[in-house]
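Structural description and commentary
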Amino acid sequence: MLISRRHFLKGTLSGTAAGAAAALVGPGLLTRTAEAEVTAEGVWKTAGSHWGAMNALVKGGRVAEIKPFDVDRYPTEMLKGIKGLIYNPSRIRYPMVRLEWLKNRHKGDRTTRGDNRFVRLTWDAALDLFHEELERVQREHGPSGLYAGATGWRQTGQVHSCGNHMQRAVGMHGNFVKKVGDYSTGAGQVILPYVLGSTEVYSQGTSWPLILENSKTVVLWGNDLYKNLQVGWNCETHESYAYLEKLKEKIEDGSIRVISVDPVRTKTQNYLGCEQRYVNPMTDVAFMLGIAHTLYNEDLHDPDFIKAYALGFDDFIDYVQGEGDDGEEKTPEWAADICGVEADEIREFARLLAGDRTQLLFGWAIQRQQHGEQPYWMGAVIASMLGQIGLPGGGISYGHHYSSIGVPSSGASAPGAYPRNVDAGKKPEHDNDDFKGASSTIPVARWIDAILNPGETIQYNGSEVTFPDIRMCVFSGCNPWHHHQDHNRMKKAFHNLESVVTIDYSWNATCRFSDLVLPACTQFERNDLDIYGTYSNRGLVAMHKLVDPVFHSRSDFDIFTDLCRRFGRDEEYRRGLDEMGWVEKLYNECREANKDFKPATGGHDTDPGMPSFKSFWEAGYVDFGRGENWVRHADFRKAPEVSALGTPSGFIEISSRKIGRFDYDDCRSHPTWMEKAERSHGGPNSERFPLWLQSVHPDKRLHSQMCESEEWRATYTVQGREPLYIGPDDAEKRGIKDGDLVRVFNDRGQLLAGAVVSDNFPEGVVRLQEGAWYGPVGPEIGALDTYGDPNTLTLDVGTSKLAQAPSANTCVVEIERFDGEAPAVTSFGGPEEVAL
């Protein structure tokens, strides 16, 4: 018997319903009330999340209401979806194992993986299976057979960071294959250290007040701040929105000119009322080369800055002038044929950039394409030619859309986190570091390549990577079936795996393609603390446990402590502390580090530092105050020899001799225009598939988090499917009306979505927001996705031999109206529970 979805969503069960269900639900929902604070009126508790801090009203052991944190002036609407994270029909209720794998283990039929047929287990049985499989793989294959390197956006909290728990516990048992890089900024974080000396994408940027005070032109290059600043890596403060308000005012009074370089009218452009500079998708490098040609040939560049702060300009400008290998001058006329911007408009744009103080604010989307290193490199070259790097309101940033970069930092020390690695001086149970000639670390976006092609060698960032023979994967709270491109290719790869273990709180696609699934609780069902403001470091938020873990879910801390108990190292794993012991430890370590720092709240004259842990936990928040304004690269500009960049030369490298020595045909010694494998607007494969598919960061969730929140999802879906945004011209050509179901397809896959016809999208450009939950009609290769996950269609190739990063935005498709009876959406809800 299963509890009905209606009763589960209704709230706490009572009367006869509770009596009938008590044995099934068990202690997870009904009987663990020792810590619950229950009164007739309920109790308000403080919590934090990627979507911001909040106050939650808890009644009868259930979250009844969510309100934004008092100090958050610009809370995101996504807070309305949080109750749906806790109470939704996709929650994993208890440990489960895939039927075929339980019967035959690693010798079973792997093509049935994804059939969604699972058997319920007790926690002891599930953890025994987990431990037994780790043992088998280490004995039979060694560390090269195990991949536990995948991590992602995890739930917030410094103690319960799921990736840390997974890698610590698995690492105490034995070594395993790890990853380098991430899907968000894979190309940018590899190329920029060669050019500007650091990854830049995760670096604090010039403070917003200085941009507002000094900039005359702000260019938003593929950058939708208003949409993306709703979420943050730690608990988000949303302070950047106050500066966007002021930027809007300055646009209106004419003191700042803001231009969005983007094929689409973004949410930011619509909010600010700013200008747009349309560029054909994935042709930004050609557009920028035309700008560079104008800056150089009209003497608009700054040769003194280049001479003092940069190297390699001559080699680059020879390429621009047509003296390179291709012999083609990169005039605005040349660029216009590719990028779709008239030559005179390119010249006008270059003159505008050089005319006064210009701040370039790049987003991350344009480096998630084939040759994604090139637009970021070219952005740095344009900024160098303008000569304003290191000046307030000038230069370039690659992160102002992320986690409130640009909000001045308080300067306080942040708390640490639960340890990721095996303790110093300790060794794994299986102390085997023989990877059988394969690499122990692989580029994050090439793990599917490794599973499909063990033993193959690829180039990566100046070295060779030999793919290990991966037999087992362990995932915790990162949903790689959302991260990765080309799901049908992923299905083929998963046929090669012997076992897959996933720890998560809802039945996403990763769980459905796993063999053993363990139910973690959400961040709202455990105690923790978090940084308030990833870059502003505005303070600390107490993450009070709002409710007990529902059903039989457990915290990652408890799950992996119990796993380590199987090989006698549970005390070492948790270092003798329980959950609240760790929360207090991390707080007190932070308090000691800030003993000479006076926060805005909590301190007093005799003890100016942070308050005691007890006071903090009761108050729910300590405010560190606002920080001082700061200019990115100002120290380098002031004294380049003393404050040298981290490049091989210490200077900005417009051309890189080191990259040139790698002799890569897809990433040369200076920025280069290279055609893509497929491209709309007359590019390769556009005759068959004429529409460029954007798969941008979503507006109504954080990647795949919150897609399962049922009532919230209903506010934006179309006929229960993910919205497909399409311009009116493309819709009319295909007989598509707003609200129709459509089939989106290419040679890699097919999916259903709901059409939203919008003037924001020009001809040849459509959008599906990433993070939509994959729900195929079956496990077969090529099966129709019923909900609208763009990674059913995206291209799975590396950006180049340098970064080997994802190329998700190199993707063209065709669309047709879907007629007939549509299959039911299969993305949500639990599996088919099978009895042995």
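As recorded by an unreviewed UniProt entry, the chain carries the name Trimethylamine-N-oxide reductase and is attributed to Halomonas piscis. UniProt lists a comment for the chain under the heading Subcellular location (unreviewed entry), and it reads "Periplasm". Listed under Function (unreviewed entry) in UniProt, the entry text for the chain is "Reduces trimethylamine-N-oxide (TMAO) into trimethylamine; an anaerobic reaction coupled to energy-yielding reactions."

Overview of the overall build of the chain
For the chain, the count of helices and strands is 29 helices and 30 strands. Computed over its C-alpha atoms, the radius of gyration of the chain comes to 27 Å, within 12% of the 28 Å expected for a compact globule of 836 residues. The C-alpha extent of the chain, read off along each of the three principal axes, is 80 × 70 × 55 Å. The buried share among the 836 residues of the chain stands at 65%. Taking the intrachain contacts of the chain between residues at least 6 apart in sequence as the baseline, contacts between residues at least 24 apart amount to 76%.

Concerning the pairing of strand β12 (residues 358-362)
By the criterion of burial, β12 is predominantly enclosed, with five of the five residues buried. Judged by which residues are buried, β12 turns out to be covered on both faces: Thr358, Leu360 and Phe362 on one side and Gln359 and Leu361 on the other are all buried. Note: strand β8 (residues 217-221) against β12, five bridges, orientation parallel. By the bridge assignment for β12, Thr217 is matched with Thr358. Bridge count between β12 and strand β13 (residues 395-397): three bridges; the pairing is parallel. Residue Leu361 lies in a different strand from β13, and its bridge partner there is Ser397.

Description of the side chain of Arg526
Here Arg526 is to be found in the loop between β19 (516-519) and β20 (528-532). Engagement of the side chain of Arg526 in a polar contact is seen with the backbone oxygen of Thr156, the distance being 3.3 Å. A distance of 3.5 Å separates the side chain of Arg526 from the side chain of Asp528, its partner in a polar contact. Residues contacting Arg526, with those up to four places away along its chain left out, are Gln155, Thr156, His160, Cys521, Met543, His544, Lys545, Ser555 and Glu579.

Let's talk about the pattern of salt bridges
What the rule picks out here adds up to 58 salt bridges. Across the salt bridge formed by Asp449 and Arg489, the nearest N and O atoms sit 2.8 Å from each other. Of this pair, Asp449 sits in helix α18 (residues 447-452) while Arg489 sits in helix α20 (residues 487-494); the two residues are 40 residues apart in sequence, bridging distant segments of the chain. Residue Glu678 pairs with Arg748 through a salt bridge whose shortest N-O separation is 2.8 Å. With Glu678 in the loop between α27 (657-662) and β24 (691-694) and Arg748 in the loop between β26 (741-745) and β27 (750-757), this residue pair connects regions lying 70 residues apart in the sequence.

As for the UniProt feature "domain: Molybdopterin oxidoreductase N-terminal" (unreviewed entry) in the chain
Mapped onto this numbering, the UniProt entry gives "domain: Molybdopterin oxidoreductase N-terminal" (unreviewed entry) at residues 48-87. Between the C-alpha atoms that bound residues 48-87 there is a distance of 18 Å. The span itself is 12% helix and 32% strand.

Details of the sheet that holds strand β25 (residues 723-726)
Working definition: the strands of a sheet are paired by backbone hydrogen bonds and lie parallel or antiparallel to each other. Here six strands make up a closed barrel; going around it, the order is β24-β28-β25-β27-β26-β29 and the pairing mixed. Direction aside, neighbouring strands of the sheet carry axes that sit 45 degrees apart on average. Relative to β27, β26 runs antiparallel, the two being bridged by five bridges. The partner of Leu741 across the bridge, within β27, is Gly754.

Considering the nonpolar core
Ranked by internal contacts, the top residues of the largest apolar core, which has 132 residues, are Trp221, Phe287, Ile291, Phe316, Ile382, Trp447 and Phe494. Examining the composition of this core, we find that nine residues originate from one element, helix α17 (residues 373-386), more than from any other. Among all residues touching Phe287, those that are not within four sequence positions of it are Trp221, Val261, Arg277, Val279, Cys339, Val341, Ile346 and Phe349. In terms of nonpolar packing, the next biggest core, distinct from the first, is built from 52 residues, Trp123, Val159, Phe557 and Phe616 among them.

Here's the deal with the packing of aromatic side chains
Counted under the stated rule, the structure contains 46 aromatic pairs. Following the ring pairs from residue to residue traces out a cluster consisting of Tyr147, Trp447, Phe475, Trp481, Phe494, Phe513 and Tyr774. Between Arg154 and the ring centre of Trp233, over which it is positioned, the NZ or CZ distance is 4.1 Å. Lys248 extends its terminal NZ or CZ atom over the ring of Tyr271, reaching a point 5.0 Å from the ring centre.

Re the packing of helix α12 (residues 284-297) against helix α15 (residues 332-339)
At a closest axis distance of 8 Å, the pairing of α12 and α15 adopts a crossing angle of 165 degrees. By the criterion of interaxial angle, the relationship of α12 to α15 is roughly antiparallel. For the pair α12 and α15, the sense of crossing is left-handed. Where α12 abuts α15, its residues Ala286, Phe287, Leu289, Gly290, His293 and Thr294 lie against Pro332, Trp334, Ala335, Ile338 and Cys339.

Criteria and cut-off values
- Residues numbered from 1 in each chain as written.
- Predicted model: local features only at pLDDT ≥ 70, side-chain atom pairs only at ≥ 80, totals over all residues.
- Heavy atoms only, no water.
- UniProt positions renumbered as here; feature names shortened; annotations may be inferred.
- Helix = DSSP H or I, 4+ residues; strand = E, 2+ residues; numbered from the N terminus.
- Rg over C-alpha atoms; globule rule 2.2 N^0.38 Å.
- Buried < 20%, exposed > 50% of the residue type's maximum accessible area, 1.4 Å probe, protein only.
- Contact = heavy atoms within 4.5 Å.
- Pairing = 2+ DSSP bridges.
- Polar contact = N/O pair within 3.5 Å; in protein donor to acceptor, adjacent residues only side chain to side chain.
- Salt bridge = Lys/Arg side-chain N within 4 Å of Asp/Glu carboxyl O.
- Axes fitted to C-alpha atoms, helices over the stretch in contact; angles between N-to-C directions.
- Core = buried A, V, L, I, M, F, W, Y, C linked by side-chain atoms within 4.5 Å.
- Phe/Tyr/Trp six-rings, centres within 6.5 Å; stacked < 30°, edge-to-face > 60°.
- Lys NZ or Arg CZ within 6 Å of the ring centre and 35° of its normal.
- Parallel < 35°, antiparallel > 145°, perpendicular 65-115°, else oblique.
- Left-handed = near helix turned anticlockwise from the far one by under 90°.

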